[in-house]
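Notes for the structure review
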Amino acid sequence: MRYALLAPARDDFLGRLIAGLRGVLDLHGHEPTTADDPDLGLAIQVADPADPRPFRRQSRGTFVVTLMEGEPGANLLQRAYPYLVRTLSNLLIYVTDEDGRRTLHFITPELGHYQVAYETRNEGAFFEEVYERLRPLAQSRFVLDNVFEPDLPEALWEGNETTRALARAGRRLAALDLLPAPFPLEEYLSPRDLRHLKLLYGIGGLSYGNLSARHEGNTFWMSASGIDKSRMEVVGRDILLVKDYDPERQAMILSVPAGIEPRRVSVDAIEHWMIYREHPEVQAIIHVHAWMEGVPSTEANYPCGTYELATAVAELVRQAPDPAAAVIGLKNHGLTITGRSLDDIFERIEGRIQRQVPMS
């Protein structure tokens, strides 16, 4: 991976952070280059909160990291997230200082939020930890694009028993307090920023959790992105039929009703597609931002919607004693749970689920 540091030398904490990132990237064999390199893989810039400006990448394959100093306190994600969009970044490292304690907040477009505390006693170990957080993000391949094919049979336009079961399951998740309200993007982003979010990241809304159920063969119904999962009603808008994955376009193929403007499917569709394709006995999958003790977990902080996270989860499902009854932890993020039915999943998790996801 070639990288470029897009900030001049400076004598402050962000300057030390940039110098440390240069050192650890060089140590791991990454090649420094210039901003106009067509093969640029990673661009790191510093932004001023008073005037956040984007780095105009020449290729969608360039991963942009923005460093910014901000204020600690409540509602940090709501304050920081608009800067991620306004700088057109794949990752915002939002640095706070509270009583002399520096903390780096890693914020991703799909609301990933990880923290690393700065340790003056061992800067080498600190920058290694930052690199280990940054590397899987920067080297991941997102599967965010959707291809909508208006070929859903008319008999399914109003849904079927499977879509109604998904709607009931969404209400059940809400009753268990496992569905925080969707992040209100329109309250924090301008219409222009919202358009950037959709064009660059393939995201039109943000919410927590998703669920799916097998239809026929390897096709499956799945909740849409950015919606209230407790109120799924309309096929093509709230629930979509996933037909396949196109590796050349890195896109999910969806069958939708004719004449409807569809919403995008959940970013985790690639993960569910891998599991359904490999395990015919899996009939339903639920993903929640919660935890259970003693579950196997992915090792890296891959973002939601990446091929790498899907592959890691699918491998752990493959290793499970019963892939159709697996509970897989996604490090610092949540759980993916397979089942022979949606009811089967709820019977296995009720009374065992923890709403707080442990961070490490």
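Residues numbered from 1 in each chain as written. Predicted model: local features only at pLDDT ≥ 70, side-chain atom pairs only at ≥ 80, totals over all residues. Heavy atoms only, no water.

1. Notes on the sheet that holds strand 13 (residues 284-288)
Strands belonging to one sheet form pairs held by backbone hydrogen bonds; the direction of such a pair is parallel or antiparallel. Which entries qualify depends on this criterion: Strands qualify as paired when DSSP identifies two bridges or more between them. Secondary structure counts use DSSP, requiring at least four H or I residues in a row for a helix and at least two E residues in a row for a strand, with both numbered from the N terminus. Structural elements are reduced to axes, namely lines fitted to C-alpha atoms, with helices fitted over the stretch in contact, and the angle between N-to-C directions of any two is expressed from 0 to 180 degrees. Only heavy atoms enter the contact rule, under which two residues are in contact if any of them lie within 4.5 Å.
The strand order 8-12-11-10-9-13-15-14 describes an open sheet built from 8 strands, whose pairing is mixed. Strand pairing shows two members of the sheet lacking a second neighbour, strand 8 (145-149) and strand 14 (327-330), which therefore form its edges. Strand-to-strand twist in this sheet, taken as the mean axis angle between neighbours without regard to direction, amounts to 25°. Here 5 bridges tie strand 13 to strand 15 (residues 334-339), and the two strands are oriented antiparallel to one another. In the strand pairing of strand 15, Ala284 is matched with Gly339. The strands touched by helix 8 (residues 307-319) within the sheet are strand 11 (239-246), strand 14 and strand 15, with strand 14 carrying the most contacts at an inclination of about 145°.

2. Quick look at the packing of aromatic side chains
Heads up, the condition is: We call Phe, Tyr and Trp rings a pair once their centres come within 6.5 Å, taking the six-membered ring for Trp, and we label the pair stacked below 30 degrees between planes, edge-to-face above 60, and tilted otherwise. Relative accessible area decides the class of each residue, using a 1.4 Å probe on protein chains only: under 20% of the type maximum gives buried, over 50% gives exposed, and in between gives partly exposed.
For the coordinates displayed, the defined rule picks out 6 aromatic pairs. With centroids separated by 4.8 Å and ring planes inclined at 35°, the aromatic side chains of Phe220 and Tyr276 adopt a geometry described as tilted. With a gap of 56 residues between them, Phe220 in strand 10 (residues 220-223) and Tyr276 in helix 7 (residues 269-278) connect regions that are remote in the sequence. Residue Phe220 is classed as buried on the basis of its relative accessible area of 0%. In this structure Tyr276 comes out as buried when scored by relative accessible area, which is 0%. On the numbers, 6.1 Å between centres and 35° between planes, the contact of Tyr245 with Tyr307 is tilted. Placement of Tyr245 in strand 11 and of Tyr307 in helix 8 is noted, with a sequence separation of 62 residues between them. Clustering of aromatic rings is evident, with ring pairs tying together Phe13, Tyr118, Phe126 and Phe127.

3. Quick word on the nonpolar core
Nonpolar side chains in soluble globular proteins tend to be buried together. Quick note on the threshold: We define a nonpolar core as any set of buried Ala, Val, Leu, Ile, Met, Phe, Trp, Tyr and Cys residues linked to one another through side-chain atoms lying within 4.5 Å.
One finds Leu166, Leu173, Trp221, Met252, Ile270, Ile286 and Leu335 to be the most contacted residues of the largest nonpolar core, which totals 60 residues. If you look at the next biggest cluster of nonpolar residues, it comprises 30 residues, including Ile44, Ile93, Leu104 and Tyr114.

4. Details of the environment of Pro296
When you line up the elements, Pro296 lands in the loop between strand 13 and helix 8. In this structure, the C-alpha to C-alpha distance between Pro296 and Val235, residues 61 residues apart in sequence, is 34 Å.

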